[in-house]
Amino acid sequence: MAQAQLSIDLTALRANWRSLSEMAQAETGAVVKADAYGLGVEQVAPALAAEGARRFFVAIAEEGAELRRILGPRPEICVFSGHMAGDAALIRDAQLTPMINSIDQMLRHVEGLPGHAFGIQLDSGMNRLGMEPAEWRALRGIALAQKPSLIMSHLACADEPAHPMNAQQLRSFVDMTDGIDAPRSLSATGGVLLGPDYHFDVTRPGIGVYGGLPFLDARPVAFVDLPVIQIREVLPGETVGYGNTWTAERPSRVATVAAGYADGILRSMGHQAHLWAGETRCAVLGRISMDLIGIDVTDVTGDPDTLELLGTHQSIDTLADWAGSIGYEILTSLGARYNRSYTGA
Ligand SMILES: *Cc1c(COP(=O)(O)O)cnc(C)c1O
């Protein structure tokens, strides 16, 4: 079989969510946007619900409707993009809770779906999404009278604990929400790790649940093994791959694996990338192609059937470092061509 294997450990996923939830007195939600960070919302969301998650977060209403089908009627499903034009039927039918992020959205929501649940998203300084302090001052009385189910904001620099932006956003969020009788939420994974001042009533971890930084103690969740489809001998002076960017300096054995940048193995990882054959570290040779990569297996005894890309030897953050990226992008890039399997439940 020449299909790359993506194995997802739902036991590790649940353990990560549990660890993050034990760090806070607050209710712990779960962010499952973008197909659960590329790992499969169909399997991930029920596993987290079984572990105790009762409030889920998605980016857009369409993801929310899909999640409702998966999870059934009970859990609360919050939509970060709020109530967009044309979404009323979707929000109503799937019983979604839009995180209202402007006066326009508030008007659209109360006119289109009077009495329907909603939350409020405030901008505490990131300048990405949510109401700014002045807008919130204007709307606050009206919004609170309608009993929002959550008031949230998002931190821009929570993965850098010493960054002054964290305390600044905390102050801004407290200023905007002090004395309000509705559950509050400020923290994603990074904020959970910043400590109790940042926890409020509900936390919203994503990446830490999926095994990525800044949750240093996370268990790896995604495992990728690439099948070797050919092994050849290469003489000194011969080259491997597009553009002749690697030239053999010794008699070498080159394995060609059946995966490439179309499988989210970012081309920008370039010559820093390695795979593993058992305990032997094997360099990527030359350029990563769409479907194939050349690997140096000169020091490997025997002919490996597969080589490990993600697993016990290297994490999504190792790969991200090679590519000048972040673990989030590694996960959400993995793509549709893998043979996916799920272990645990
Ligand atoms: C993606 C996202 C999260 C989860 O962030 P992680 O860093 O993955 O934990 C939480 N809140 C909002 C608003 C988000 O967009």
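Everything numeric here is computed off the predicted structure, so don't read it as measured data.

*Asks:* How would you explain the overall build of the protein chain if you had to name every residue and give the values?
*Replies:* Across its full length, the protein chain holds 11 helices and 19 strands. Along the first, second and third principal axes, the C-alpha set of the protein chain runs to 75 × 40 × 35 Å. By the burial criterion, 53% of the 345 residues in the protein chain qualify as buried. Considering only residue pairs separated by 6 or more positions, the protein chain has 63% of its internal contacts joining residues 24 or more positions apart.

*Asks:* Can you explain the site of the ligand? Please cite residues and give values.
*Replies:* Around the ligand, 14 residues are found, and the nearest of them are Lys33, Tyr37, Thr189, Ile207 and Tyr328. In this structure, tyrosine 328 approaches the ligand through a side-chain N or O atom, which is 2.6 Å from an oxygen atom. Summarising the interface, the protein chains cover 92% of the accessible area of the ligand, which totals 390 Å² for the free molecule. Here the ligand is seated within the largest pocket. Taken together, the residues of the shell around the ligand sort by class into eight nonpolar, three polar and three charged.

*Asks:* Lay out the nonpolar core with the relevant residues and their values.
*Replies:* The nonpolar side chains of a soluble globular protein tend to be buried, and buried together. Grouped together as the largest cluster of nonpolar side chains are 79 residues, with contacts concentrated most on Val32, Leu48, Phe56, Tyr210 and Ile295. The residues that make up this core include at least three from each of domain 1 (9-210) and domain 2 (222-343). Residue contacts for phenylalanine 56: discarding those within four places in its chain leaves Ala30, Val32, Ala45, Leu48, Ala49, Leu67, Leu71, Pro75, Glu76, Ile77 and Cys78. One finds Phe118, Leu139, Ala158 and Phe200 within the second-largest nonpolar core, a separate group that totals 20 residues.

*Asks:* Now, about the domain arrangement of the protein chain: what can you tell me, with residues and values included?
*Replies:* Considered domain by domain, the protein chain is made up of domain 1 (9-210) and domain 2 (222-343). Its C-alpha centre places domain 1 at a distance of 37 Å from the equivalent point of domain 2. In this assembly, 11 residues from domain 1 lie in contact with 11 residues from domain 2. Both sides together, the interface formed by domain 1 and domain 2 hides about 1000 Å², and carbon and sulfur atoms give 64% of it.

*Asks:* Describe the layout of surface pockets, and please don't skip the residues or the numbers.
*Replies:* By volume, the largest pocket is sized at about 770 Å³. Put simply, the parts of the chain that give the lining of the largest pocket at least two residues each are helix H2 (33-37), helix H9 (189-194), helix H10 (316-323) and helix H11 (327-332). Of the residues contributing to the lining of the largest pocket, the split by class is 19 nonpolar, eight polar and seven charged. When residues are assigned to domains, the lining of the largest pocket turns out to be shared by domain 1 (9-210) and domain 2 (222-343), each giving three or more.

*Asks:* I'd love a proper account of the UniProt feature "active site" (unreviewed entry) in the protein chain, names of residues and values included.
*Replies:* Mapped onto this numbering, the UniProt entry annotates "active site" (unreviewed entry) at Lys33 and Tyr242. On the basis of their most widely separated C-alpha atoms, the annotated residues across 210 residues do not gather in one place, lying as much as 35.7 Å apart. For the largest pocket, the lining residues among the annotations just cited are Lys33. Looking at the secondary structure, you find lysine 33 in helix H2.

*Asks:* Tell me about the UniProt feature "domain: Alanine racemase C-terminal" (unreviewed entry) in the protein chain, residues and numbers included.
*Replies:* Those places that UniProt annotates as "domain: Alanine racemase C-terminal" (unreviewed entry) correspond, in this numbering, to residues 221-343. The span residues 221-343 is 11% helical and 38% strand by assignment, and the distance between its end C-alpha atoms comes to 10 Å.

*Asks:* Please give an account of the packing of aromatic side chains that cites residues and values.
*Replies:* A complete count under the given rule lists four aromatic pairs for this structure. Consider the rings of phenylalanine 57 and phenylalanine 80, whose centres lie 5.4 Å apart with planes at 15°: the pair is stacked. A residue pair is termed long-range when its members are at least 10 positions apart, and phenylalanine 57 in strand E4 (residues 55-58) and phenylalanine 80 in the loop between strand E5 (76-79) and helix H5 (88-93) qualify at 23 residues. A single burial state applies to phenylalanine 57 and to phenylalanine 80, both of which are buried. An aromatic cluster is present here, built from Tyr37, Tyr210 and Tyr328 joined pairwise through their rings.

*Asks:* How would you sum up empty space enclosed by the protein? Please name residues and give values.
*Replies:* Applying the stated criterion across every chain yields a total of two cavities of 30 Å³ or more. Each pocket or cavity is described by its volume, and for the largest cavity that value is around 50 Å³. Tyr210, Gly211, Pro220, Val221, Ala222, Leu310, Gly311, Gln314, Ser315, Ile316 and Leu331 together form the lining of the largest cavity. By residue class, the composition of the lining of the largest cavity is seven nonpolar, four polar and no charged. Its volume calculated, the second largest cavity comes out at about 40 Å³. Residues that form the lining of the second largest cavity fall into these classes: three nonpolar, four polar and two charged.

The rules behind the values
- Residues numbered from 1 in each chain as written.
- Predicted model: local features only at pLDDT ≥ 70, side-chain atom pairs only at ≥ 80, totals over all residues.
- Heavy atoms only, no water.
- Helix = DSSP H or I, 4+ residues; strand = E, 2+ residues; numbered from the N terminus.
- Buried < 20%, exposed > 50% of the residue type's maximum accessible area, 1.4 Å probe, protein only.
- Contact = heavy atoms within 4.5 Å.
- Near = heavy atom within 4 Å.
- Polar contact = N/O pair within 3.5 Å; in protein donor to acceptor, adjacent residues only side chain to side chain.
- Areas by Shrake-Rupley, 256 points an atom, 1.4 Å probe, with all protein chains shown as cover.
- 1 Å grid on protein atoms, 1.4 Å probe; cavity = no way out; pocket = protein on both sides within 12 Å on 5 of 7 lines; lining within 4 Å.
- Sits in = over half its atoms within 2 Å of the grid points.
- Nonpolar A, V, L, I, M, F, W, Y, C, P; charged D, E, K, R; others polar.
- Core = buried A, V, L, I, M, F, W, Y, C linked by side-chain atoms within 4.5 Å.
- Domains from an automatic or database assignment.
- Buried area = accessible area lost by both parts, 1.4 Å probe.
- Points joined across faces, edges and corners; volume = space filled by probe spheres on them.
- UniProt positions renumbered as here; feature names shortened; annotations may be inferred.
- Phe/Tyr/Trp six-rings, centres within 6.5 Å; stacked < 30°, edge-to-face > 60°.

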